[in-house]
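Examining the three-dimensional arrangement
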Amino acid sequence: MAGHEFRLEQVLKFRKEVEKMHQLELAAARLNHENAQDKLESEQAAMATMEQDFSRRQMQGIEAKDLQLYGNFSMRKSREIQAIKESLPVLEKAVQEKREALLTAAKDKKALEVFKEKKMRDLKMDQLTRERIFLDEIALQGRGAKK
């Protein structure tokens, strides 16, 4: 099969690169989603800690200025938590879209690889047939020369 090259090799290389690109994009989307989940858990834990601290300070007596600070901080943390919660479905959708794009790219690459394997197998069978015919001709000529 030397001298026979798959004519669509460049297309196959391109499809492999596209698949790699989609793998990287999926990994980045997953990382963004995981980071958002981690941040949500962290902010919720901070909020719970602040509420416990606030309750303890209320029992001991709290000044109006501290009450105002706790209120402002609590509102800001609540908005941050809500914003993260709202971003999670968007990030999940992005992960799903990247996963689907990767699957499509992998299918495209696999189809071309299967086509290449079939072509190479056909070329090899054709070459073996030509070699067998050539060897048969040599054998027939050798028999003719002996007579």
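The following paragraphs examine the structure supplied in this document.

Thresholds applied
Residues numbered from 1 in each chain as written. Predicted model: local features only at pLDDT ≥ 70, side-chain atom pairs only at ≥ 80, totals over all residues. Heavy atoms only, no water. Helix = DSSP H or I, 4+ residues; strand = E, 2+ residues; numbered from the N terminus. Contact = heavy atoms within 4.5 Å. Areas by Shrake-Rupley, 256 points an atom, 1.4 Å probe, with all protein chains shown as cover. Lys, Arg positive; Asp, Glu negative; His and termini not counted. Charge placed at Lys NZ, Arg CZ, Asp CG, Glu CD. Salt bridge = Lys/Arg side-chain N within 4 Å of Asp/Glu carboxyl O. Buried < 20%, exposed > 50% of the residue type's maximum accessible area, 1.4 Å probe, protein only. Core = buried A, V, L, I, M, F, W, Y, C linked by side-chain atoms within 4.5 Å. Expected span 1.5 Å × (residues − 1). Patch = residues over 30% accessible without salt bridge, like charges linked within 9 Å, V, L, I, M, F, W, Y side chains within 5 Å.

1. Looking at the overall build of the protein chain
Summing up its helical and strand segments, the protein chain has 2 helices and 0 strands in all. Taking the intrachain contacts of the protein chain between residues at least 6 apart in sequence as the baseline, contacts between residues at least 24 apart amount to 89%. Roughly 11,300 Å² of accessible area belongs to the protein chain as shown, and the carbon and sulfur atoms make up 56% of that amount. Here the protein chain holds 30 positive side-chain charges and 26 negative ones, and the gap between their average locations is 8 Å.

2. Here we look at the pattern of salt bridges
Scanning the entire structure with this criterion turns up 13 salt bridges. Note that Lys98 and Glu25 form a salt bridge whose closest N and O atoms lie 3.7 Å from each other. Of the two residues, Lys98 sits in helix 2 (residues 64–146) while Glu25 sits in helix 1 (residues 9–60), which places them 73 residues apart along the sequence. On the basis of relative accessible area, Lys98 is assigned to the partly exposed category, the value being 29%.

3. Things to note about the nonpolar core
Across soluble globular proteins, you tend to see nonpolar side chains buried next to one another. Among the nonpolar cores identified, the biggest contains 9 residues, and these are Ala36, Leu40, Met47, Met50, Phe54, Tyr70, Ile81, Ile84 and Leu88. Residue assignment for this core shows that the elements contributing at least two residues are helix 1 and helix 2. Here this core gets 5 residues from one element, more than from any other, and that element is helix 1. Sequence-distant contacts of Leu40, that is, excluding residues within four places in its chain, are made with Ile81, Ile84, Lys85 and Leu88.

4. A look at the environment of Lys98
Note: C-alpha distance between Lys98 and Gly71 (27 residues apart in sequence) is 41 Å. Excluding residues that lie within four positions of it along the chain, Lys98 makes contacts with Glu25, Leu26 and Ala29.

5. What to know about helix 1
Along an α-helix, residues three or four positions apart point the same way, because every turn accommodates 3.6 residues. Given a rise of 1.5 Å per residue, 52 residues ought to cover 76 Å, and the 76 Å separating the end C-alpha atoms of helix 1 matches this to within 8%. Following helix 1 by one or two positions, Gly61 has its phi on the positive side, about 100°.

6. Examining a nonpolar patch on the surface
On the surface, a cluster of nonpolar side chains totalling about 220 Å² of accessible area is made up of Leu8, Val11 and Phe115. Its place among the elements puts Leu8 in the segment before helix 1. Residue class for Leu8 comes out partly exposed when judged on its relative accessible area of 34%.

7. A short note on the side chain of Glu43
Looking at the secondary structure, you find Glu43 in helix 1. The exposure class of Glu43 is buried, given its relative accessible area of 8%. Those residues in contact with Glu43 that sit more than four places away from it in its chain are Lys77, Glu80, Ile81 and Ile84.

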